[in-house]
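Structural overview
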Amino acid sequence: NFVKEEDLRLDPTFQFGVVSIKKIAAKGLRNVELIPFDKNDPYVNLKFSDWEAETPHKNGAGADCVWKDMFHEIEVYPETLRDEKLKLECWDKNVGKPQLIGTAELSLLRAAVPENQGTEIPLPVQLMGPKGEEAGTLTVYARTGVPKDTNTLPLDFSKGVLHVRTIAGLGL
């Protein structure tokens, strides 16, 4: 029961949410290593509007790997979900200059529609190399949550200040 992107609709009461990305899987990444029989050491740059993040590199992972236990959260509004795409760049870490494996853009709207909110859903996307060639796939696992008390946000709220009161470390 696949719904086309242009047919997806947000709940009319949706004003603000947070998209969590805790896992990204790469499959079939093209090898960009200069040394024969060497394997990619891939990492991914992510950008959505003014938010940016980067995964750690996977040393010697080659064509297939998974980044798990990530904790990336992106604040989203109806207009950013409609107008912005998650930009992905997959790179091979090298001693010298990193080599671009491929890029892609991905809508996060599918993760925010009412039937998917609160559920981690896979969002696969085809990477394209610098010369327009297929360069493998990335699957971003995203979950959208909506604050329980949206009354704390004024209707004209667009950007604000985050006050951090507690920082906790896990698995230190």
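Described below are features of the structure shown in this document. (Residues numbered from 1 in each chain as written. Predicted model: local features only at pLDDT ≥ 70, side-chain atom pairs only at ≥ 80, totals over all residues. Heavy atoms only, no water.)

**Quick notes on the overall build of the chain**
Assigned secondary structure in the chain consists of two helices and nine strands. In the chain, the order of α-helices and β-strands from amino to carboxyl end is β-β-β-β-β-α-β-β-α-β-β. The 172 residues of the chain split such that 38% are buried. Considering only intrachain contacts with a sequence separation of at least 6, the fraction spanning at least 24 residues in the chain is 62%. (Helix = DSSP H or I, 4+ residues; strand = E, 2+ residues; numbered from the N terminus. Buried < 20%, exposed > 50% of the residue type's maximum accessible area, 1.4 Å probe, protein only. Contact = heavy atoms within 4.5 Å.)

**Brief notes about the pattern of salt bridges**
Within the structure shown, the criterion is met by one salt bridge. Across the pair Arg30 and Glu133 runs a salt bridge whose closest N-O atoms are separated by 3.4 Å. Linking Arg30 in the loop between strand 1 (17-27) and strand 2 (42-48) with Glu133 in the loop between strand 8 (121-128) and strand 9 (134-145), this pair joins segments that are 103 residues apart in sequence. Judged by relative accessible area, which is 23%, Arg30 ranks as partly exposed. Classification of Glu133 by relative accessible area gives partly exposed; the value is 25%. (Salt bridge = Lys/Arg side-chain N within 4 Å of Asp/Glu carboxyl O.)

**Description of the pairing of strand 7 (residues 99-106)**
Across seven bridges, the pairing between strand 6 (residues 86-92) and strand 7 is antiparallel. Counterpart to Leu86 in the pairing with strand 7 is Leu106. (Pairing = 2+ DSSP bridges.)

**Some words on the state of the cysteines**
With the rule as written, the count across this model stands at zero disulfides. With no disulfide of its own, Cys65 lies closest to Cys90 among cysteine sulfurs, the gap being 6.9 Å. (Disulfide = S-S within 2.5 Å.)

**Here we look at unusual backbone geometry**
Phi at Ser49 takes a positive value of approximately 55°, unusual for a residue other than glycine. One non-glycine residue with positive phi stands out, namely Asp69, at about 55°.

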